[in-house]
Amino acid sequence: MAGKKWEKVTWGLLLLVLAVLVTLAWPGEQRAGEPKADLRAYLPALVGTTYHFAGSGMEFAAFSRRITFAGEGLLQLEDLSGTNLAMVVEHGPHELKAIYAEEEFYEERSLLDEAARRERELGREVELIWLQAPLKVGHSWSDENFTREIAAVNQVVEVPLGVFHDVVVVKSLSRAAPETVLYEYYAKNVGLIKREFLLDVGGEPYAVVSSLEGLGSPANRW
């Protein structure tokens, strides 16, 4: 009887240890309130998708963004406002980082190949980390221009196109202009939906805002 009793205790301890190990190793487990860490959902690599932003506060606050090319771990997007700015972005599950930028870009050409980028005269390497895991309020990081942090998660944000859920808000402070604050709003499975520059002009607060008003393919805006 003593042997059977000890056997039951041993099996109970073994099952408890296994349960703890499975809990620690299970990749889907997350703390409540933290969005999943795969950041690619906040900048979908859907080639041909065009984002149309309404603007207020300055002439070039309104702009269009188009996803033009995508490859293994990289995508290319182009922002059209006063000029056409092409950027190559490292598109990973834990970080979204622009690594190359070229203004006055008007070609239907992929810049994803590093060797091809080196041959171009107008472009330059950059390090702009737009989003970084973990998506937890207070998480901070720095790049060549900004100190950034996760200001909010799981937000509901309304823009001209509609109401979006699962929005992550990134607050960025410029090293060159510390009185300027930038807020960027990323909706899961959509991408950037809003951008706010808040600055002090003569002692008065001033805002330059870009808000998503249309989303679609280049030939089919809706």
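I will try to describe carefully the structure that is included in this document. (Residues numbered from 1 in each chain as written. Predicted model: local features only at pLDDT ≥ 70, side-chain atom pairs only at ≥ 80, totals over all residues. Heavy atoms only, no water.)

## As for the side chain of Lys97
Piece 1. Position of Lys97 relative to the elements: it lies in strand β5 (residues 95-102).
Piece 2. According to the relative accessible area criterion, Lys97 is buried, its value standing at 16%.
Piece 3. Look past the residues within four positions of Lys97 in its chain and what remains in contact with it is Val88, Val89, Glu90, Glu127, Leu128 and Ile129. (Helix = DSSP H or I, 4+ residues; strand = E, 2+ residues; numbered from the N terminus. Buried < 20%, exposed > 50% of the residue type's maximum accessible area, 1.4 Å probe, protein only. Contact = heavy atoms within 4.5 Å.)

## Structural notes on the side chain of Thr83
Piece 1. Mapping Thr83 onto the fold places it in the loop between β3 (74-80) and β4 (84-91).
Piece 2. Overall, Thr83 belongs to the buried group, its relative accessible area being 18%.
Piece 3. Separated by 3.0 Å, the side chains of Thr83 and Glu104 make a polar contact. (Polar contact = N/O pair within 3.5 Å; in protein donor to acceptor, adjacent residues only side chain to side chain.)

## Some words on the pattern of salt bridges
Piece 1. In the structure shown here, the tally under the stated rule is 13 salt bridges.
Piece 2. Of the charged contacts in the structure, one is a salt bridge between Glu102 and Arg120, with a shortest N-O distance of 2.7 Å. Taken together, the residues Glu102 in strand β5 and Arg120 in the loop between α2 (114-118) and β6 (123-132) connect sequence positions 18 residues apart. In this structure, Glu102 and Arg120 share a single accessibility class: buried.
Piece 3. Between Arg124 and Glu144 there is a salt bridge, with its nearest N and O atoms 3.5 Å apart. Note that Arg124 is positioned in strand β6 and Glu144 in the loop between β7 (140-142) and β8 (146-159), a separation of 20 residues in sequence.
Piece 4. Each of Glu102, Glu107, Arg109 and Arg120 takes part in a single network of salt bridges with overlapping partners. (Salt bridge = Lys/Arg side-chain N within 4 Å of Asp/Glu carboxyl O.)

## Here's the deal with the nonpolar core
Piece 1. With 41 residues, the main nonpolar core has Trp130, Leu131 and Ile193 as its most contacted residues.
Piece 2. When neighbours within four sequence positions are excluded, Leu131 is seen to be in contact with Leu39, Tyr42, His94, Glu95, Leu96, Trp141, Ile150, Val168 and Val170.
Piece 3. Among the nonpolar cores identified, the runner-up in size contains eight residues, and Leu74, Val88, Tyr100 and Leu111 belong to it. (Core = buried A, V, L, I, M, F, W, Y, C linked by side-chain atoms within 4.5 Å.)

## Looking at the environment of Val208
Piece 1. Residue position: Val208 is located in strand β12 (residues 204-217).
Piece 2. Look at Val208 and you get buried, because its relative accessible area is 10%.
Piece 3. In sequence terms Val208 and Met58 are 150 residues apart; their C-alpha atoms lie 6.3 Å from each other.
Piece 4. Beyond its immediate stretch of four places on either side in the chain, Val208 contacts Ser56, Gly57, Met58, Ala61, Arg195, Glu196, Phe197 and Leu199.

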